[in-house]
Structure formats: structure tokens, C-alpha cells
Amino acid sequence: MDPIWWILIIIVILVVFFLIIFFGYYNRIIRLENRIDNSWAQIDVQLKRRADLIPNLMETVKGYMKHEREVLENVTKARSALMSAKSPQENINADNMLTGALKTLFAVAENYPDLKANQNFLNLQDELTNTENKIAYSRQHFNDSVLVYNNLVETIPGKWFAGFMNKKTREMLQIPEAAREVPKVKF
Amino acid sequence: MQEKILVEDQIRRNKRQTIYVCGLMALLFIAVILAIGYIFSGNIIVSLIFALPIALGYIAVTYSISVSAVLSAAKARPANPQIREEKLLIYRVEEMAIAAGLPIPKVYVQDSEYINAFATGRDPKEGVICVTTGALRKLNQEELEGVIAHEMSHIKNYDIRLATITIAVVGAIALMSEILFYSLFWGGAGRGRKGEGNLILLALAILFVILAPIFARLTYLAISRRREYLADSTGAYLTRNPEGLAKALEKIKQDHPKEKPKGSKTVAPLYISNPFKRIDASSLSSTHPPIDERIRRLRSM
């Protein structure tokens, strides 16, 4: 066979080889990006759920905690901050505020035996803890996903493909010191 | 101060070792099929026509009925959200599913005094997590979370599929061995191969097929122990709190109810600790690694 054919075959093989690698990286980058967006959607769902639970909680607690205006106001304030938050980081900050305010509320509730015996209150407390844990874990999953994605688009050869696709690294969610602890489930 | 091992490294090492052991299992399976063909006719084609379809058919059936078989053997029932303990269990499972980035598995409860739990479902989409009532009563939320994270990791790592397939392969090898045994007994083997020599090779092949189920079982147990360590480390990675599971394992170690264990022995490897063996001795015949070693590894993370 003519050597020109050999050269042609080698070029075709190289092109195919390159295309396979390119498709692989392209799909991986897109898939990881989708995973990040999906994790954010998860957090968002839980934040909304949590905000929805607060009015019920307020309604239940109001009758018992007449002298704890400040505690209740803080929760309401944190909730409106959460409702008006725009960026992911703002959302997370407002949510942390809410977590702190609720922590105080539940601690104060210890002084009201009637309230603690209220079935509705118990259910709300369980459910709020549930959403709080879900938020913490989806935040963890979000940051894990961002880490995997960033590692891919920052190392060679992923960096070259990411540059070609005009993809940049994503930001992790910053978690303030106080909230960094593992969510401890409490009764 | 113990040496700290990165969870990610533990996960990677466990996965690599699983691949080796699975390779060994596959080799064993192929060798048995070929040996059967050789014994019956001196011809490998025969094994491909007869032994292989029987073995693969057996594996397919076992695989397809596994989930319902496991749940009914354990007498498990769906968790009832009206009962607070079980509602909190459902909540903890939902949370762990989010941490693992998996669909939320179905939650079942098994009425039993023992602290135990298992996962089933061949892929994450049809995952099931079952926890005993004993575990719900005796474990606190942190420990329960550790146990659920361990089971969630079994689902995430496709351990259930691996366990189901390996159980089926072990069964198929045992079936082949039994077929050979009975046909030797009735004098059927070797009929098609009259006049051919090499009796030593024939005898070796027969011996191999008869002993193969033992090898298969040991290989399988080795896989199972690997996957337990893997689920422990993945679970610790999910909760970022190895101590929760470590404490739960300590409670399991101290837990000796009077009641008899329930369930099926075949599915023992799916549980967090073997329900049929209260003393966790380290040996080749254990489905699980020794509990103390598991606790030690969790605390070294």
C-alpha cells in the first residue's frame, strides 16, 4: 500500500481518538454542571418549605409565649430576610439567621410545659429539624459537587476543554463558623 | 495518635480490592463451566450449549426475585408515619438520601429486638432501607443517622446489586457442582467420552467442581467484608461524623436480646451486622469484618 494511505489512516485514527476524548469531557462537564444546578434546586425547595412552616409555628406558639416578643420577632425577621434573599449566598445567610432564631425559640419553649405537650408544636419542631438537616446536607452535596466540577475544569486536560467551552469554576457556599458543625439532631 | 486515613483513599482502596475479588469469582465461574463440559464429554462446546444456559438462567431468576424475597424473609413492613419513631426514621432517611444525592429509598421496619438494619433494591432508583424496631428504640438520632448513612452507602455503591449477583453466582456454582455429583452417583458422567485417556485430568476436574462451591463462598465472603468497610467509610463521608456509626456499632456489640434472630441466612451479608452471629470473630467464614476493627477504622478517620 502507498505510504500516503498509512498516513491518512493514522490521521483518521488520531482525529477519532481526539473526538472521543472531547465528547467524554464535554459530557462530563455538562453533567457535573447540571448536578450543581440540581443541588441548588434541592436547597431552594427546602428553604421554601422551611419558610412556609414558620407562620404555622408562630400561630401555634403565639398563645403560649406571650412574654417572648423579641424571640418571636427575630424568627419573623429572619423569615422575611429569607423570602427576599436573591443570590444563593444571601439565601444561605438568611437561613442561618433563621436557624439561630429558631434555636432560641425552641430553647425558650423548654420553659412552657403546655407548649411542649402540644402535638402540633411537636410535629412542627420535628419537621423544622428535618428541613434544617436537609438544607445542611444539600449544602454539603452542593459543595461536594462544586469541588468535583472545579477539580475537573482546573486540572489538565479538563482545563483545556473547559476553556474551549468557556466554562469557569463555580463558587462554593460559604458556611459561617457557627453553623459549620455537623447538624446534630435534637429532641 | 492513630494514623489518619483519608476517607476518599479508603473508598478508592476498597473499590479496587472489590474488583480483584470479583475477577477471581468470574474466573472461578468460567472454570467450573468449562470443567463440567470437559468431564461430561471432553468437549468445551457441550459446556457452552448445556451448562452455561442453565447457570445463567439460574442467575437471572435469582436476580429478578431478590428484592421481594429479601423483604418477605425479614417479615418487613413499610414504616408508619403516624408513629413518631418511624416518622423520624423516614425523616433521617430523606436527609441521608439528599446527602448522598440519591432518590429517596422506601423505608421499611422489621419487628425485632435486635439493633440491626439492611438495605435492598438492585439499583438506587428502587432502593429500600429497613431498620429493626430494636434499633429505633435503642439508638439515639446521631447513631441512627450513622446506621442509615451506612445503608445508604450500600445503595450508593451498588453493593446490593453486587451482593445479589455474587449470591446468584455462588448458587449457580453450587448447582453445577450438585448436578455433577448426582450424575456421578447415577453413573452418567463420562459416558460420551469413552476411549479417551488422561484419567488424572478428569479426576482433577471432578475434584475441582466438587470443591468449587467452597471457594466461591469464601470469595463471596471476602467481597462482603470489603463492602462493609467501604459502606462504613462512605457513610462517615456522608454524615461527616464517623463517631455516630462507631457509637451505634458499640451498642450493637453490647446488644444481646433473648429473642431468636429472624430472616434468611442467605441475606445476612445485607445487614449492618450479621444477625446470626453475635460474636464477631475475624475469620474467612464471616460475612462481616470484626466489629472492633470497624470501630477502630471509623475512629481513625
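Conventions and cut-offs
- Residues numbered from 1 in each chain as written.
- Chains lettered and ligands numbered in written order.
- Predicted model: local features only at pLDDT ≥ 70, side-chain atom pairs only at ≥ 80, totals over all residues.
- Heavy atoms only, no water.
- Helix = DSSP H or I, 4+ residues; strand = E, 2+ residues; numbered from the N terminus.
- Rg over C-alpha atoms; globule rule 2.2 N^0.38 Å.
- Buried < 20%, exposed > 50% of the residue type's maximum accessible area, 1.4 Å probe, protein only.
- Axes fitted to C-alpha atoms, helices over the stretch in contact; angles between N-to-C directions.
- Parallel < 35°, antiparallel > 145°, perpendicular 65-115°, else oblique.
- Left-handed = near helix turned anticlockwise from the far one by under 90°.
- Contact = heavy atoms within 4.5 Å.
- Pairing = 2+ DSSP bridges.
- Polar contact = N/O pair within 3.5 Å; in protein donor to acceptor, adjacent residues only side chain to side chain.
- Phe/Tyr/Trp six-rings, centres within 6.5 Å; stacked < 30°, edge-to-face > 60°.
- Lys NZ or Arg CZ within 6 Å of the ring centre and 35° of its normal.

When its secondary structure is counted, chain A shows six helices and zero strands. From first element to last, N terminus to C terminus, chain A shows the α and β order α-α-α-α-α-α. A globule of 187 residues ought to have a C-alpha radius of gyration of about 16 Å, yet chain A, at 25 Å, is considerably larger. For chain A, the C-alpha atoms occupy an extent of roughly 95 × 25 × 25 Å along the three principal directions. When the 187 residues of chain A are sorted by exposure, 42% land in the buried category.

Residue and element names in this part refer to chain B. In the contact formed by helix H8 (residues 242–254) and helix H9 (residues 291–299), the axes pass within 9 Å of each other and the chain directions differ by 160 degrees. For the element pair H8 / H9, the angle class is roughly antiparallel. In the crossing of H8 with H9, the sense of the turn from one axis to the other is left-handed. Packed against H8, whose contacting residues are Pro242, Glu243, Leu245, Ala246, Lys247, Leu249, Glu250, Ile252 and Lys253, the element H9 presents Ile291, Asp292, Arg294, Ile295, Leu298 and Arg299 at the interface.

Paired through backbone hydrogen bonds, the strands of a sheet run either parallel or antiparallel to each other. All names here are of chain B. Ordered by their spatial adjacency, four strands build an open sheet running S1-S2-S4-S3, and the pairing between neighbours is mixed. Among the strands making up the open sheet, the edge pair consists of strand S1 (77–78) and strand S3 (117–120). Direction of pairing for strand S2 (residues 106–110) relative to strand S4 (residues 128–132): parallel, over a ladder of five bridges. Residue Tyr108 lies in a different strand from S4, and its bridge partner there is Cys130.

Turning our eyes to something else, we now look at the environment of Lys167(A). All names here are of chain A. Structurally, the position occupied by Lys167 is in the segment after helix H6 (158–164). Linking Lys167 and Ile9, residues 158 residues apart in sequence, is a C-alpha distance of 33 Å. Ignoring sequence-local partners within four residues, the contact set of Lys167 consists of Ile29, Ile30, Glu33, Tyr149 and Ala162. In this structure the side chain of Lys167 is engaged in a polar contact, spanning 3.1 Å, whose partner is the side chain of Glu33.

Before going further, it helps to examine the packing of aromatic side chains. Inspection of the entire model under this criterion finds 10 aromatic pairs over all chains. Judged by centre distance (6.3 Å) and plane angle (35 degrees), the rings of Phe18(A) and Phe161(A) are tilted. Linking Phe18(A) in helix H1 (residues 3–62) with Phe161(A) in helix H6, this pair joins segments that are 143 residues apart in sequence. In this structure Phe161(A) comes out as buried when scored by relative accessible area, which is 8%. Centroid distance Phe22(A) to Tyr26(A): 6.1 Å. Interplanar angle 40 degrees. Geometry classified as tilted. With Phe22(A) and Tyr26(A) both in helix H1 and four residues apart, the pair spans about one turn of that helix. We classify Phe22(A) as buried; its relative accessible area is 15%. Overall, the relative accessible area of 37% leaves Tyr26(A) in the partly exposed class. An aromatic cluster is present here, built from Phe18(A), Phe22(A), Phe23(A), Tyr25(A), Tyr26(A), Phe161(A) and Phe164(A) joined pairwise through their rings. Cation over ring: Arg240(B) sits above Tyr237(B), and NZ or CZ is 4.5 Å from the ring centre. The ring of Tyr229(B) has Arg297(B) sitting right over it, with the charged end atom 3.6 Å from the ring centre.

The analysis is restricted to geometry; functional conclusions fall outside its scope.
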